[in-house]
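# Observations on chain architecture
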Amino acid sequence: METILVAQFFAAFYGFLAIVLGAFGAHALKKKFTSDQMASFETGVKYQMYHAIVLLVLSFNLGFNTLHEQLIINCFVFGTLLFSFSIYGLCITGASGKKWRFLGPITPLGGLLLAVGWLLLLYHFIEDFL
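Anyway, here's the lowdown on the structure attached to this text. Owing to the predicted nature of the structure, the values given are computational and were not obtained by experimental measurement.

## Considering the overall build of the protein chain
- Within the protein chain, the secondary structure is distributed over 4 helices and 0 strands.
- Each helix (α) and strand (β) of the protein chain, taken in turn from the N terminus, gives the series α-α-α-α.
- Overall size of the protein chain, expressed as C-alpha extent along the three principal axes, is 50 × 25 × 20 Å.
- Every one of the 130 residues in the protein chain was classed for burial, and the buried ones make up 39%.
- Across the protein chain, contacts joining residues at least 24 apart in sequence account for 75% of those joining residues at least 6 apart.
- Across the protein chain, 7 positive and 6 negative side-chain charges occur, with their mean positions spaced 29 Å apart.

As structure tokens, then:
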């Protein structure tokens, strides 16, 4: 039950923030960002929204009675946080001229967690056939 609520909370929270940050990026940051920064920021928003939708769908379809299912949700929640929000930080601080370089290695770590989440989900779907 707790994992269902975590999945639903982060689905709604990430979905909301994706809309807000997407609009903020398209309007307020467009003049401050280079085209590369804008593309990176948009990638963060897209991945955030994709995984908000995935979390919502999974929250209504998984039983959350196994550690495996909880790991899937955790990978998507933390992967999205690390991936998208490190991109936002890199873009915003880069545009101000004081880029937080320590965020650079965090982005691929978040991407790795997202990839692991998808692999765990794939395994969840095929485990009955193995």
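## Describing helix α2 (residues 35-61)
- Counted at 1.5 Å a residue, the expected span for α2 with its 27 residues is 39 Å, and the 39 Å between its end C-alpha atoms agrees.
- As for α2, its buried residues are in contact with α1 (2-27), α3 (67-95) and α4 (106-126).

How each quantity is defined
Residues numbered from 1 in each chain as written. Predicted model: local features only at pLDDT ≥ 70, side-chain atom pairs only at ≥ 80, totals over all residues. Heavy atoms only, no water. Helix = DSSP H or I, 4+ residues; strand = E, 2+ residues; numbered from the N terminus. Buried < 20%, exposed > 50% of the residue type's maximum accessible area, 1.4 Å probe, protein only. Contact = heavy atoms within 4.5 Å. Lys, Arg positive; Asp, Glu negative; His and termini not counted. Charge placed at Lys NZ, Arg CZ, Asp CG, Glu CD. Expected span 1.5 Å × (residues − 1).

That's the geometry; what it means functionally is another story.
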